[in-house]
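Residue-level listing of the chains:
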Amino acid sequence: MSVFFEPWQTPFGAPPFGEMTVGAFAPAFERALAAHRAELAAITAEPAPPSFENTILALERAGRDLERVSHVFEQYASTLSEPSVATIERDLAPVLARHVADMRADPALFARVDAVYADPASAHLDRVQRRLIDRHHLEFVRAGARLDADGRARLKAIGQRLAECFTQFRQNLQTDEDRPALVLTDATALAGLPPDLRDAAAAEADARGLPGSWVIANTRSSVEPFLQFSTRRDLRQRVFEVWTQRGDHGSTDNKPLIREILALRRTRARLLGFETFAAFKLADTMAGAVEAADGLLRRIWPPALARAREEAATLEALLGDEGAHHPLEAWDWRYAAEKLRRRRYALDDAEVKPYFQLDRMIAAAFDVAHRLFGLTFHPRADVPAWHPEVRIWEVRDADGRHRGLFYGDYFARPGKRSGAWMTHLRSQERLTGDVAPQIVNVCNFLKGGSGRPALLSLTDARTLFHEFGHGLHGLLSDVTYPSQAGTRVAQDFVELPSQIYEHWLLRPEVLRGFARHVDTGEPIPEALIDRILAARHFNQGFATVEFCASALVDMAYHTATNPDDLDPSRFEAETLAALDMPPEIVMRHRSPHFAHIFSGDDYAAGYYSYLWSEVLDADGFDAFLEAGDVFDPTTAARLRRFIYAAGDTADPAELYRRFRGRDPGVDPLLAGRGLLTTASRA
Ligand SMILES: [Zn+2]
């Protein structure tokens, strides 16, 4: 008997991680998939006519074992990866993909969903139920359920070929990123690099069997600091060129794949009744249409461009002051900006970090949730975890009732995927009982050396608040139907709960209480808070142009009506020229390595969505400023009810209006980036 299919006799029915072995996963998946197939077959075999209960709710109830096994396995695959887990994961991915595709392509199942969708009797259902039917129906339709057998076969072939192209794109990119950007054998070539970067370059060389030399890896985390600190302009240029030409040449040239991917996507969109892939993609977002997403980008572009030009002039003047008589080039920007940042704000990570102790920042995130929503957090040592470093809290509501479990897995370790994310072991719902959520945050912070407390950079602290904001979206979820719970919302809405939470981190009300010196316990000096706040808008012209250029090119590719004869190099150059892109700035992701949009469908015609959510979080946080209190109870109650608790129970634009009393405006985003008036200096 597998532990996955027995009731879990643990506090709150949490997964009994200690009793699980890696070897148990493959048979457990097999059994769970078979169970789901049987449940789906029972829905189609139902003799009674299709109804909300016997079709939609039956679909909602189906697949529970599969979810249970998947969510536990996800922790192993992402945070405890070892060869045996990676093998299971690789073997499993196509099986799970085929399982979903087969379900969506089942004509008998779709016929029942379609009948419920069209049934006048479903008019008596409430709006949440109606939305649930529409969502299930739409998932089938967007997967091609309305097409005839020939159309479905073409769609399937397109899907298979796209998957191959995505893999090839990713592998070409990986090959280029695995080649070093720079190998240095002479210590003078390290001029300007701080000690930790020199150490990292030496360690990289050792790992590649080149002891005694230094390697700058061709990855963002190595290249950007090198461009920021190296005083060797010739080497900055070399690193920059290698970095920005990933996937652009030779045997790893991704451009033919780009053309094929764009053509396949357009064919698929047209089969499904849309003129372009972007039109297909945007139809299922909060933005709703290409014009809305593109319009936002074009509203942000001119002030960002103007600010970037001012920044370029300032940086060029600074280089001139230091005796460099050459124009500012793309490989000079980060270097000059770092000099200016130090000169203008005297901000140094080494001065800031001692005030941002991990444990106190966790306490700060919890305290904000307490002041906004009344939540309290109680450590639980008796709940099993997948690793001894994982910390677990029981979350209680203002009335003391159990709200859910919160797991924090904060430290980097071998075998753990890089980055930070939120996920769940169980999501909230009331369809199969009063099910409380079990929410996970995973980060990759560095431990403190020799038993010292872990310290965070400002970026790390922002990440902690960001992921905790996603976590609250799961914890505060208050819905009936599983597929509407928590973060299962439109892609351009899902970053609102996380991004808005970041706003509380840098509030003096929060910093004064929790940003205390690791050794002395003294609160952070007001003058340092002022310098941190003053530096917020620094270099935002550059950052916004770099990001928006990628988003605009993404949208241009996916609205193009001639993808078959499109030359990516020329298309990219012409699109940027039409935008008046400054020559000193390169797109954050150039086409041949734009993995967001070419190694999968998720962010294709969707790179804008980060900025879309930023419009909402900037405008949304302003509601607290207008109320004169960043913990204003009335505003917090609306934020909880309509944003954090509502899941996908209503249209996101409507939810936002109910929270804010009106539609969002773009000005708070521009103000947040210091771009509202280009005359005012950051
Ligand atoms: Zn996020």
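Calculation notes
- Residues numbered from 1 in each chain as written.
- Predicted model: local features only at pLDDT ≥ 70, side-chain atom pairs only at ≥ 80, totals over all residues.
- Heavy atoms only, no water.
- Donors = N, O, S within 2.8 Å, 3.2 Å for Na, K, Ca; no water.
- Helix = DSSP H or I, 4+ residues; strand = E, 2+ residues; numbered from the N terminus.
- Buried < 20%, exposed > 50% of the residue type's maximum accessible area, 1.4 Å probe, protein only.
- Phe/Tyr/Trp six-rings, centres within 6.5 Å; stacked < 30°, edge-to-face > 60°.
- Lys NZ or Arg CZ within 6 Å of the ring centre and 35° of its normal.
- Core = buried A, V, L, I, M, F, W, Y, C linked by side-chain atoms within 4.5 Å.
- Contact = heavy atoms within 4.5 Å.
- Pairing = 2+ DSSP bridges.
- Axes fitted to C-alpha atoms, helices over the stretch in contact; angles between N-to-C directions.
- Expected span 1.5 Å × (residues − 1).

Of the protein atoms, only His466 (NE2), His470 (NE2) and Glu495 (OE) coordinate the zinc ion, at distances of 2.1 Å. In the primary sequence, the donor residues of the zinc ion line up as H-x3-H-x24-E. In this pair, histidine 466 and histidine 470 are both assigned in helix α17 (residues 458-475), 4 residues apart and thus about one turn of the helix distant. Residue histidine 466 is classed as buried on the basis of its relative accessible area of 14%. Overall, the relative accessible area of 8% leaves histidine 470 in the buried class.

So, about the packing of aromatic side chains. Overall, the coordinates contain 39 aromatic pairs when judged by the stated rule. Look at phenylalanine 547 and tyrosine 607: their rings are 4.5 Å apart centre to centre, the planes differ by 20 degrees, and that puts the pair in the stacked class. Here phenylalanine 547 is found in helix α21 (residues 540-559), whereas its partner tyrosine 607 is found in the loop between α23 (595-598) and α24 (609-627), with 60 residues between them in sequence. For the residue pair phenylalanine 547 and tyrosine 607, the accessibility class agrees, reading buried in each case. Members of the aromatic cluster, each reached through a chain of ring pairs, are Phe366, Phe377, Trp393, Phe406, Phe465, Phe468, Tyr501, Trp504, Phe621 and Phe624. The ring of phenylalanine 140 is capped by arginine 104, whose NZ or CZ atom sits 4.8 Å from the centre of that ring. Across from the ring centre of tryptophan 243, 3.5 Å away, lies the NZ or CZ of arginine 246, which sits over that ring.

Our next topic: the nonpolar core. Counting residues in hydrophobic clusters, the biggest one holds 144 residues, and the most contacted among them are Phe356, Leu472, Tyr501 and Trp504. Broken down by element, this core gets its largest block of residues, 13 residues, from helix α13 (residues 290-321). Apart from the residues lying within four places of it in its own chain, the contact partners of leucine 472 are Ala369, Phe373, Leu375, Ser477, Tyr501 and Tyr644. If you look at the next biggest cluster of nonpolar residues, it comprises 32 residues, including Phe5, Phe25, Leu92 and Val383.

As a further point, take the sheet that holds strand β3 (residues 376-379). Ordered by their spatial adjacency, 5 strands build an open sheet running β3-β4-β5-β7-β6, and the pairing between neighbours is mixed. Sheet topology places β3 and β6 (421-426) at the edges, where each strand pairs with a single neighbour. Here the average twist between neighbouring strands, direction ignored, is 30 degrees. With 6 bridges connecting them, strand β5 (residues 402-411) and strand β7 (residues 438-445) associate as parallel partners. Bridging from a neighbouring strand, tyrosine 407 pairs with valine 440 of β7. Each of β3, β4 (391-396), β5, β6 and β7 is contacted by α17, which is oriented at about 170 degrees to β7, the strand it contacts most.

The end-to-end C-alpha separation of α17 is 25 Å, in line with the 26 Å expected for 18 residues at 1.5 Å each. Along α17, 14 of the 18 residues are buried, which leaves the element largely enclosed by surrounding structure.

Phi is positive for alanine 346, close to 50 degrees, though the residue is something other than glycine. Mapped onto the fold, alanine 346 is located in the loop between α14 (333-345) and α15 (349-352). The exposure class assigned to alanine 346 is partly exposed, which follows from its relative accessible area of 44%. In this model, asparagine 539 sits at a positive phi of 65 degrees, which is unusual for a non-glycine residue.

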